[in-house]
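# Fold and contact review
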Amino acid sequence: MPALELLVALLSLVVWLPAQAGIILHVAAGTDAKLAAEVQRSIDAFNGIAAEHFGVTLDKPTFVNLCPSEACYIESLRVERGYSADKAEQVGRLTSGLATPGKNTVFLKLTNPAGLANARFTMAHELTHMLQGQLVGQFGGMERANRWIKEGMADWMGALVAKRLGSQSLEKWRLDRVNRLRGASDPVAPGEMDGLSFDAWTRLMDQKRLPYEMADLMMMALAEKKGEGIFPALVAYMQCMDSFSLESTCFREHFGLAQREFYAGFEGWYQQAMKGGKALEMVAEGDIPEASQALVEAAFGQAQGLLRERLGSALPITLRVFLLPDRAAMSAAIARELGRSQEEADKLARGSSSLWQDSVVFFDLGRLDTPERLAAITASTVTGRYLQVVGSNKGQLHWLGNGLRDYIASAALDALALRSLAESHRLRSDNLRLAGKGLPSLGELQTAESYRKAQGKYGASVVVHYAAAAVDQLVADKGAATLGKWVRASKAGGDPAETFSGSFGESAGAVGEALDVRLKGAIAG
């Protein structure tokens, strides 16, 4: 079916829902009902916040089109925005929503049924662009307004709506932005943010230079300077675009300082944020013993020290760790901080005694009920996030990532005098020697999916211990520093399997086969 016919077919099978006065939802056939409901909740919250803080609401009819597939979304951008096929594909791949104030339309890409929080945030973000279009008037003001202000304001509204709807705290939103910039290989510099066109902004996104995150921090810094006055100042700035004043003049008049003065001050603010405070922020909910808090802090410090000493670098971001007394408390924290439904949060809490996402970590101390377990999961979590931030996992060489987590955790337990390395190795050897279903090969443990299948086939503990034994042997053969080199190379190169050869001098397949022979021979002997 030709692309235009596909769009017509999708948008002809819509349900028209009046979400709020002046806003009409077009829900295309196939759109997840829960996501559509969350979009309507976001619209309600957006209008409430806009009225309270900005003193204005949308007063023009706005048509919000919900696309259940990327194909629908991309074709919508091509037809409605007049993009070329290549540009529509690029923007459609990189974004989750796009507003066209001049045509009073918004398109959202809703392809992930679990993405309730993202649906709320994106809807509020795009409606903010519609509000900006209303404020700037009809004389090209939307293009004259500085893009980082438009995008930072829209993201901030998304965060305020997310907070009101229980998706996430503002503290997590801010920390996520700081951490993403800390972990980026080549983040956009503050001095590059002034006067960006849409195409230049899109290129920065495609290059993974994180312009949204930088705009968000710039907006936070501007808000700190203005305090509660930031809301009317943003409205006045956007309205100033409907005049013949220069953009820089509007900035000075309504934010109270010249742009160059703001940029100079922000550079220092940004550098301080990048240095950060403590690498660990603990939030103890309920009756959490001080000894448990002290142990998490000690295990965190040990893991960071081991990563720095053996692999050559440590986790560069801050983790916010929630210590929770039981599964019910963990479920409630997941729902509150991550914006999951209670049903989803319950499922996640049932499935594991620990969970991390972005900058936050959840520990259920009811199940992590011994010092050894709590310290091990802390060190393993630090290493896991290190691999994500400093390296580029991409779901490949799963055995190496999981084995490295166990390697650092075992060393941390030894340093904390909770379990010696000799005891860890003995327990691992006994488990592998007594494996009733045989042993896996490392070729079966390459991806997350194949790793899970192997756990079902051989047993979870056997697979975990086999991966750990493989990494121990690899470290003995090549040195831990070589592992650190591979982690950093995978970030720069983007493909862990390809960069493995450059770091270790052999292909991952050849090394894996040799390790299999040696490990299975040693276990059998």
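Residues numbered from 1 in each chain as written. Predicted model: local features only at pLDDT ≥ 70, side-chain atom pairs only at ≥ 80, totals over all residues. Heavy atoms only, no water.

### Notes on the overall build of the protein chain
Helix and strand counts for the protein chain stand at 24 helices and nine strands. What you see for the protein chain is a C-alpha radius of gyration of 26 Å, in line with the 24 Å of a compact globule of 525 residues. Expressed as lengths along the three principal axes of its C-alpha atoms, the size of the protein chain is roughly 80 × 55 × 45 Å. Residues classed as buried in the protein chain amount to 51% of the 525 residues present. The long-range fraction of contacts in the protein chain, counting pairs at least 24 apart against all pairs at least 6 apart in sequence, stands at 68%. For the protein chain, the exposed area adds up to about 22,000 Å²; of that, 53% sits on carbon and sulfur atoms. (Helix = DSSP H or I, 4+ residues; strand = E, 2+ residues; numbered from the N terminus. Rg over C-alpha atoms; globule rule 2.2 N^0.38 Å. Buried < 20%, exposed > 50% of the residue type's maximum accessible area, 1.4 Å probe, protein only. Contact = heavy atoms within 4.5 Å. Areas by Shrake-Rupley, 256 points an atom, 1.4 Å probe, with all protein chains shown as cover.)

### What to know about the packing of helix α14 (residues 290-311) against helix α17 (residues 371-390)
α17 packs onto α14 with a crossing angle of 45° between their chain directions and a minimal axis gap of 8 Å. Considering the angle they form, α14 stands oblique to α17. α17 is crossed by α14, and the crossing has right-handed handedness. When α14 is examined against α17, the residues Ser292, Leu295, Val296, Ala299, Phe300, Ala303, Gln304, Leu307 and Leu311 are found in contact with a partner set consisting of Pro371, Leu374, Ala375, Thr378, Ala379, Val382, Thr383 and Tyr386. Grouping the amino acids of the contact of α14 with α17 by side-chain chemistry returns 13 nonpolar, four polar and no charged. (Axes fitted to C-alpha atoms, helices over the stretch in contact; angles between N-to-C directions. Parallel < 35°, antiparallel > 145°, perpendicular 65-115°, else oblique. Left-handed = near helix turned anticlockwise from the far one by under 90°. Nonpolar A, V, L, I, M, F, W, Y, C, P; charged D, E, K, R; others polar.)

### Section: unusual backbone geometry
Glycine aside, the phi torsion of most residues is negative, and most peptide linkages are trans. The backbone phi angle of Lys208 is positive, close to 60°, even though this residue is not glycine. Its place among the elements puts Lys208 in the loop between α9 (198-206) and α10 (211-226). Owing to a relative accessible area of 64%, Lys208 belongs among the exposed residues under this scheme.

### Description of the environment of Lys520
By the element assignment, Lys520 lies in helix α24 (residues 508-524). The exposure class of Lys520 is partly exposed, given its relative accessible area of 30%. As a C-alpha pair, Lys520 and Ser441 span 79 residues in sequence and 9.2 Å in three-dimensional space. Setting aside anything within four residues of it in sequence, one finds Lys520 in contact with Leu439, Pro440, Ser441 and Tyr466.

### Things to note about the layout of surface pockets
Counted as a void, the second largest pocket has a volume near 1,300 Å³. Considering the residues around the second largest pocket, the lining is formed by 35 residues, among which Ile377, Ser380, Asn402, Arg405 and Val464 are closest to the centre. Those elements giving two or more residues to the lining of the second largest pocket turn out to be β8 (354-357), α17, α18 (398-415), α19 (421-433), α20 (448-458) and α21 (460-478). Counting residues per element, the lining of the second largest pocket draws most heavily on α17, at nine residues. (1 Å grid on protein atoms, 1.4 Å probe; cavity = no way out; pocket = protein on both sides within 12 Å on 5 of 7 lines; lining within 4 Å. Points joined across faces, edges and corners; volume = space filled by probe spheres on them.)

### Considering the nonpolar core
Counting residues in each nonpolar core, the largest one holds 81 residues, and the members touching the most others are Trp148, Phe255 and Phe262. Here this core takes ten residues from helix α5 (residues 116-136), the largest share from any one element. In this structure, Phe255 is in contact with Ile149, Leu222, Lys226, Ile230, Ala233, Leu234 and Tyr237, ignoring residues within four places of it in sequence. Counting 64 residues, the second largest nonpolar core, distinct from the first, contains Leu311, Leu387, Val463 and Leu519. (Core = buried A, V, L, I, M, F, W, Y, C linked by side-chain atoms within 4.5 Å.)

### A few points about the pairing of strand β9 (residues 360-364)
Along any regular strand the residues' side chains alternate between the sheet's two faces. Where burial is concerned, most of β9 is hidden: five out of the five residues are buried. As paired elements, strand β7 (residues 319-324) and β9 share five bridges and run parallel to each other. Bridge pairing in β9 links Arg320 to Val360. Connecting the antiparallel pair β8 and β9 is a turn made up of two residues, with Asp358 showing a positive phi of about 55°. (Pairing = 2+ DSSP bridges.)

### A look at the environment of Val235
Structurally, the position occupied by Val235 is in helix α11 (residues 230-240). The class for Val235 is buried, based on a relative accessible area of 8%. Taking the C-alpha atoms as reference, Val235 lies 9.5 Å from Leu131; in sequence the two are 104 residues apart. Apart from the residues lying within four places of it in its own chain, the contact partners of Val235 are Phe54 and Leu135.

### What about α9?
Every buried residue belonging to α9 is among Phe198, Ala200, Trp201, Thr202, Leu204 and Met205, and all of these are buried. The secondary structure elements touched by the buried residues of α9 are α4 (85-94), β4 (97-100), α7 (147-164) and α10.

### So, the side chain of Arg147
Inspection of the secondary structure puts Arg147 in helix α7. Within the structure, the side chain of Arg147 is placed 3.3 Å from the backbone oxygen of Leu196, a separation counted as a polar contact. When neighbours within four sequence positions are excluded, Arg147 is seen to be in contact with Leu196, Ser197, Phe198 and Trp201. (Polar contact = N/O pair within 3.5 Å; in protein donor to acceptor, adjacent residues only side chain to side chain.)

### Observations regarding the state of the cysteines
As enumerated under the stated definition, the model contains one disulfide in all. Residue Cys240 pairs covalently with Cys250 via a disulfide, S to S 2.0 Å. Its torsion about the S-S bond being -70°, the disulfide of Cys240 and Cys250 is classed as left-handed. With Cys240 in helix α11 and Cys250 in helix α12 (residues 247-255), this residue pair connects regions lying ten residues apart in the sequence. Residue class for Cys240 comes out buried when judged on its relative accessible area of 9%. Classification of Cys250 as buried rests on a relative accessible area of 0%. (Disulfide = S-S within 2.5 Å.)

### Things to note about the packing of aromatic side chains
By the definition in use, this model includes 14 aromatic pairs. Here the aromatic rings of Phe266 and Tyr270 are separated by 5.9 Å at their centres, their planes lie at 25°, and the arrangement is stacked. Of this pair, Phe266 and Tyr270 both sit in helix α13 (residues 259-275), four residues apart, which is roughly one turn of that helix. Taken as a pair, Phe266 and Tyr270 share a single burial class, namely buried. We note Arg81 situated over the ring of Phe198; from NZ or CZ to the ring centre the distance is 5.9 Å. (Phe/Tyr/Trp six-rings, centres within 6.5 Å; stacked < 30°, edge-to-face > 60°. Lys NZ or Arg CZ within 6 Å of the ring centre and 35° of its normal.)

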